[in-house]
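A look at the structure
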Amino acid sequence: MSTRAGRLGSALVAALDRRSRPSRERIAVTGFFLGTQSALDNLLSRAFFELSNRDWARAEEHESHHLAFRDGLSRITCEPSTVVDLGTGAGGSAAVMAKRWPAATVVGVDSSRQMVRRAREQHQGVVNLTFDLGDGLRLSLGDETVDLVASLNYMPFPGEVKRILRPGGLVLVASTFQSVGSAAIEANWSDHGFTLEAKQDAQRGSFELYRRSP
Ligand SMILES: C[S@@+](CC[C@H](N)C(=O)[O-])C[C@H]1O[C@@H](n2cnc3c(N)ncnc32)[C@H](O)[C@@H]1O
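Residues numbered from 1 in each chain as written. Predicted model: local features only at pLDDT ≥ 70, side-chain atom pairs only at ≥ 80, totals over all residues.

This brings us to the overall build of the chain. Helix and strand counts for the chain stand at eight helices and seven strands. For 214 residues, the compact-globule formula gives about 17 Å, and the C-alpha radius of gyration of the chain, at 17 Å, lands near that figure. A burial count over the chain gives 42% of its 214 residues as buried. (Helix = DSSP H or I, 4+ residues; strand = E, 2+ residues; numbered from the N terminus. Rg over C-alpha atoms; globule rule 2.2 N^0.38 Å. Buried ≥ 20, exposed ≤ 12 C-beta atoms within 10 Å, placed from the backbone.)

Taken as a whole, helix α6 (residues 113-122) has its buried residues at Met-115, Val-116, Arg-118 and Ala-119. Down the axis, α6 shows its buried residues gathered within 160° of arc, on one side only. For α6, the secondary structure elements touched by its buried residues are α2 (39-51), α3 (53-59), β2 (105-110) and β3 (129-133). (Arc of directions from axis to C-beta. Contact = placed C-beta atoms within 7 Å.)

The next thing to look at is the site of the ligand. In the vicinity of the ligand lie 20 residues, with Phe-49, Gly-87, Gly-89, Gly-136 and Asn-153 positioned nearest. Where the shell around the ligand is concerned, the elements lending two or more residues are α3 and β2. Each residue belonging to the shell around the ligand can be placed in one class, and the counts come to nine nonpolar, eight polar and three charged. (Near = placed C-beta within 6 Å. Nonpolar A, V, L, I, M, F, W, Y, C, P; charged D, E, K, R; others polar.)

Membership of the largest hydrophobic core comes to 39 residues, with the highest contact counts inside it found for Val-84, Met-97, Val-149, Val-171 and Leu-172. Those elements that provide at least two residues to this core are α4 (67-73), β1 (82-86), α5 (92-100), β2, β4 (146-152), α7 (158-164), β5 (165-175) and β7 (206-212). No other element matches β5, which puts six residues into this core. With near-sequence residues (within four places) excluded, Val-149 lies in contact with Val-84, Leu-86, Pro-156, Val-161, Ile-164, Leu-165 and Val-171. Of all hydrophobic cores here, the second largest spans eight residues; its members include Phe-48, Phe-49, Ala-90 and Met-115. (Core = buried A, V, L, I, M, F, W, Y, C linked by C-beta atoms within 7 Å.)

Glancing now at the pairing of β2. For β2, the tally of buried residues reaches five of six residues, placing the bulk of the element in the interior. Bridge analysis of β2 against β3 gives five bridges, and the strand direction is parallel. The partner of Val-107 across the bridge, within β3, is Thr-130. On the question of chirality, the crossover connecting β2 to the parallel β3 by way of α6 is right-handed. (Pairing = 2+ DSSP bridges. Right-handed = clockwise from strand over helix to strand, strands pointing away.)

Turning our eyes to something else, we now look at the domain arrangement of the chain. Once the domains are mapped, the chain shows domain 1 (3-51) and domain 2 (63-212). Once you take the C-alpha centre of each, domain 1 and domain 2 turn out to be 21 Å apart. The interface is formed by eight residues belonging to domain 1 together with eleven residues belonging to domain 2. For the side of domain 1 that touches domain 2, the element with the most residues is helix α1 (residues 3-34), which contributes four residues. When its residues are assigned to classes, the side of domain 1 that touches domain 2 shows four nonpolar, two polar and two charged. (Domains from an automatic or database assignment.)

Counting buried positions along β4 gives seven out of seven residues, so the element sits mostly inside the fold. Strand direction decides the pairing type here: β1 and β4, joined by four bridges, are parallel. Residue pairing for β4: Val-83 is matched across the bridge by Leu-148. In this structure, β4 lies alongside β5, joined through six bridges in parallel fashion. By the bridge assignment, Leu-152 is partnered in β5 with Ala-174. Crossover β4 to β5 through α7 is right-handed.

To continue, consider the environment of Ser-182. The topology assignment puts Ser-182 in the loop between β5 and α8 (183-191). Through-space distance from the C-alpha of Ser-182 to that of Gln-124 is 37 Å; in sequence the pair is 58 residues apart.

The subject of this paragraph is the sheet that holds β3. Strand order in the open sheet formed by seven strands is β3-β2-β1-β4-β5-β7-β6, with mixed pairing between adjacent strands. Bordering the open sheet on either side are β3 and β6 (194-201), each of which pairs with just one other strand. The mean angle between the axes of side-by-side strands here comes to 20°, regardless of whether they run parallel or antiparallel. With five bridges joining them, β1 and β2 adopt parallel strand pairing. Counterpart to Val-84 in the pairing with β2 is Val-107. Against the sheet, α6 touches β2 and β3, its axis set at about 165° to β3. (Axes fitted to C-alpha atoms, helices over the stretch in contact; angles between N-to-C directions.)

Here it is in structure tokens:
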């Protein structure tokens, strides 16, 4: 990409970042609490992530991006066979799990075509890792087929997580940017039958680990 085209692209992403921020915040809240998202907010959010896939891949190059996520993983003592990474972006968190559990099948899911393309490109050749286009609110995964659902900087809908998780399965929700969730967030997981196993503000970001009732 020429320098001028590169500058134009960066300016467009920065403008879309500002313009789509309120929409992204709204759909994170309605998606998490209600399992619904407004079509317009979704469109703006999608446009931002489609165009910013390169930036998310760059962010992953810094070790600090996955610090809280890794802290959360260190609390998981079982060996999951089936792992799903929701809102996987450029796929770094999914790749961390594929390396940690080489016998597991790891699938990264994202609703942005360009993110999925980027993730496949970044992590090609990792035999136990694939990336699929999909909507975290309506996943094409069977009921009770997954041992561990993970997400980094994406708020999954507990209703859909519960549907795909085996009884007793785990969900790790980590953030690079925010501290641990509010009491309302914990209550929403609890309302869907999840028990908090661990939560921690990390060196950078935070994580929460919940277990689906057996
Ligand atoms: C803030 S980025 C985080 C990406 C990556 N997990 C990371 O931390 O680098 C959020 C990701 O969630 C994806 N996303 C947003 N809404 C989604 C949905 N309903 N289903 C699946 N993925 C979604 C976006 O496309 C984007 O890649």
